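Descriptive analysis of the structure
Chain by chain, the residues:
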Amino acid sequence: MSSNLSSDSQRLIEWSIAIQQIAAPTGAEAARAAWVAAALRDLGYAVEMDDLHNVYACRAGEQRAPALVVSAHTDTVFPAAVDLSVRRDERHHRIFGPGLGDNSLGVAALIWLADVLRAQPAPPVDIWFVANVGEEGNGDLRGMRAAFDRLTATESGAVGAAIVIEGMGLSRIVHQALASRRFRIHVTAPGGHSWSDFGAASAVHLLVQLAADITQLRPPKNPRTTFNIGVIEGGTSVNTIAQHAALELDLRSEEPAALESIVQQVQAIISRYQTVRWQQAGVTVTSAVIGDRPGGAIAADHPLVEAAIASLRGLHIKPQMSMRISSTDANIPLSRSIPAVCIGVTEGGNAHRTDEWIATQPIENGLRHLLGMTQWAAQWLGKASPSHLSA
Ligand SMILES: [Zn+2]
């Protein structure tokens, strides 16, 4: 097999670029999904697509359940207008292109895996290939949520484990889901003319006070818990007392309890501006959840994690164990007590930037890692008793 793998990695790069050339901002993945569906159909798979444009194909196993899900997200952070030109740096064995590593390469690897497994004897259990939408930005993992709702609602029912593919981060094994909650806080006030109505409540003045209160929060370092006001907007002109203002807040924690705690602290701050006094001044403060990524984890000594570590070591790649917690599509299975890991295909850099790049040389090993992990997990599920499987 190793003799083919370098030509496989060439083919993989060509597929990755073909995928990368199709714009797929979160929420507009249809064209890219159609390409993936056609590629899987060409390999002989019966392919299905749901309303969100998640693409599904199944390599039937000796037994249907507990099934293994292998997934890669199709969406990117780049708006449709971004120039998707690719540039090769042969000398440093790199290819530059927005979204190439995150996650066109991951999607191409998923198709490659489906191709390799089709030619092999039936695996011990069903293996579902899912090219899912909605991982980035405000996608809120909706593709993965829908995929797991669908796959666990089938007749055979049980999904036993999941492997999530990311194009970059080959040396990483993510097995802890970083939980996050995102809010949009919106303030309205009577407003008016900056001179003649001076003294009337201002939505901007109130929002910046509220925002300042949030910046005074001191979340724990351990478990690491963070906040960020990433967007703030409001008002209409410099000489108008603002009638509207809003901010967007991102809260994250390694532990669900710590996340709940900082959410409650933020809500306590908001409620200070919802008192009768403020109501009488004509002020309303509302908050809406705009993102909710559930947490969850499997232990560092879980068999799936140990298998991933052994797989990397077998390829002489040192696992980067400090990078085991992240917000990925694996949040969904992990939050539902389904063991899951997120693994990479190669190394790269500048993700979410237009000068994003991937290294071409590690891809061969990345494919070995992916295939090895998939085969290991299918074997493990084939042998597993239900108690085995809990995360
Ligand atoms: Zn990604």
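Remember, predicted model here, so these are calculated numbers, not experimental data.

Thresholds applied
- Residues numbered from 1 in each chain as written.
- Predicted model: local features only at pLDDT ≥ 70, side-chain atom pairs only at ≥ 80, totals over all residues.
- Heavy atoms only, no water.
- Helix = DSSP H or I, 4+ residues; strand = E, 2+ residues; numbered from the N terminus.
- Rg over C-alpha atoms; globule rule 2.2 N^0.38 Å.
- Buried < 20%, exposed > 50% of the residue type's maximum accessible area, 1.4 Å probe, protein only.
- Contact = heavy atoms within 4.5 Å.
- Phe/Tyr/Trp six-rings, centres within 6.5 Å; stacked < 30°, edge-to-face > 60°.
- Lys NZ or Arg CZ within 6 Å of the ring centre and 35° of its normal.
- Salt bridge = Lys/Arg side-chain N within 4 Å of Asp/Glu carboxyl O.
- Pairing = 2+ DSSP bridges.
- Axes fitted to C-alpha atoms, helices over the stretch in contact; angles between N-to-C directions.
- Parallel < 35°, antiparallel > 145°, perpendicular 65-115°, else oblique.
- Left-handed = near helix turned anticlockwise from the far one by under 90°.
- Nonpolar A, V, L, I, M, F, W, Y, C, P; charged D, E, K, R; others polar.
- Expected span 1.5 Å × (residues − 1).
- Arc of directions from axis to C-beta.
- Polar contact = N/O pair within 3.5 Å; in protein donor to acceptor, adjacent residues only side chain to side chain.
- Domains from an automatic or database assignment.
- Buried area = accessible area lost by both parts, 1.4 Å probe.
- Donors = N, O, S within 2.8 Å, 3.2 Å for Na, K, Ca; no water.
- Lys, Arg positive; Asp, Glu negative; His and termini not counted.

Comments concerning the overall build of the chain
If you tally the helices and strands in the chain, you get 10 helices and 20 strands. For 391 residues, the compact-globule estimate of 2.2 N^0.38 gives 21 Å, and the C-alpha radius of gyration of the chain, at 24 Å, lies within 12% of that figure. Projected onto its principal axes, the C-alpha coordinates of the chain cover approximately 80 × 50 × 40 Å. Looking at the chain as a whole, 51% of its 391 residues are labelled buried. Taking contacts inside the chain between residues at least 6 apart in sequence as the whole, the part at least 24 apart equals 80%.

With respect to the packing of aromatic side chains
Ring pairs (aromatic) are described by centroid distance and by the angle formed between their planes. Summed over the entire model, instances satisfying the criterion amount to three aromatic pairs. When the centroid spacing of 5.7 Å and the interplanar angle of 80° are considered together, the rings of Y45 and F129 count as edge-to-face. Taken together, the residues span a long stretch of sequence, with Y45 in the loop between α2 (30-42) and β1 (48-49) and F129 in strand β6 (residues 125-132) at a distance of 84 residues. For the pair Y45 and F129, one class covers both residues: buried. Ring centres of Y273 and W278 lie 6.0 Å apart, and the angle between their planes is 45°; this geometry places the pair in the tilted category. Note on accessibility: Y273 and W278 belong to one class, buried. Of note, R94 hangs over the ring of W357, and the distance from its end group to the ring centre comes to 3.5 Å. It is R150 that lies over the ring of Y56; its NZ or CZ is 4.3 Å from the centre.

Quick word on the pattern of salt bridges
Evaluation of the coordinates by the stated rule reveals 16 salt bridges. Of the charged contacts, one joins R184 and E248 as a salt bridge, the two residues approaching to 3.1 Å between their closest N and O atoms. Remark: E248 occurs in strand β14 (residues 244-253) and R184 occurs in strand β10 (residues 179-188); sequence separation between them is 64 residues. In the salt-bridge network here, residues are joined through shared partners; they are D8, R11, D115 and R118.

Quick look at the sheet that holds strand β7 (residues 159-168)
Here we have seven strands laid out as an open sheet, ordered β1-β2-β6-β3-β7-β18-β8, and mixed in their pairing. Two strands lie at the open edges of the sheet, namely β1 and β8 (173-174), each paired on one side alone. In the packing of α2 onto the sheet, the strands contacted are β1, β2 (55-59) and β6, and the crossing angle to β2 comes to about 20°.

Topic: the packing of α2 against helix α3 (residues 100-118)
Put simply, α2 and α3 touch, their axes get as near as 10 Å, and they point 20° apart. It follows that α2 is roughly parallel to α3 by the angle criterion. In the crossing of α2 with α3, the sense of the turn from one axis to the other is right-handed. Contacts between α2 and α3 involve R32, W35, V36, A39 and L40 from the first element and S104, V107, I111 and A114 from the second. Here the residues of the contact of α2 with α3 are counted per class, giving seven nonpolar, one polar and one charged.

Digging into helix α5 (residues 203-215)
Helical geometry: 3.6 residues make up each α-helical turn, so side chains three or four residues apart lie on a common side. With 13 residues, α5 should reach 18 Å at 1.5 Å per residue; the first-to-last C-alpha distance of 18 Å fits that figure. Within the sequence span of α5, burial applies to A203, L206, L207, L210, A211 and I214. Along the long axis of α5, the arc covered by the buried residues comes to 135°, so they all point the same way. Elements in contact with the buried residues of α5: β10, β12 (225-234), β14, α6 (256-272), α7 (276-280) and β15 (284-293). Near the N-terminus of α5, the side chain that reaches the backbone nitrogen of V204, with its oxygen 3.2 Å away, is that of S202.

Topic: the domain arrangement of the chain
Per the domain assignment, the segments making up the chain are domain 1 (2-177 + 295-389) and domain 2 (180-293). Taken over C-alpha atoms, the centre of domain 1 sits 37 Å from the centre of domain 2. Summing the contributions of domain 1 and of domain 2, the shared interface buries around 760 Å²; its carbon and sulfur component is 35%. Taken together, the connections running from domain 1 to domain 2 amount to zero salt bridges.

What about the coordination of the zinc ion?
The protein atoms that coordinate the zinc ion are H73 (NE2), D102 (OD), E166 (OE) and E166 (OE), at distances spanning 1.9 to 2.4 Å. Counting the intervening residues between successive donors of the zinc ion yields the motif H-x28-D-x63-E. With H73 in strand β3 (residues 63-73) and D102 in helix α3, this residue pair connects regions lying 29 residues apart in the sequence. Residue class for H73 comes out buried when judged on its relative accessible area of 1%. What makes D102 buried here is its relative accessible area of 8%.

With respect to the side chain of R59
Inspection of the secondary structure assignment puts R59 in strand β2. No salt bridge is formed by the buried R59. Its closest oppositely charged neighbour is D126, at 7.9 Å. When residues no more than four places from it in sequence are discounted, the contact partners of R59 are Y45, L117, R118, Q120, P121, A122, P123, V125, D126, I127 and F129.

Comments concerning the environment of M321
Along the polypeptide, M321 turns up in the loop between α8 (303-314) and β17 (325-326). Judged by relative accessible area, M321 falls into the partly exposed class, the value being 23%. For M321 and V174, which are 147 residues apart along the polypeptide, the C-alpha to C-alpha distance reads 8.8 Å.

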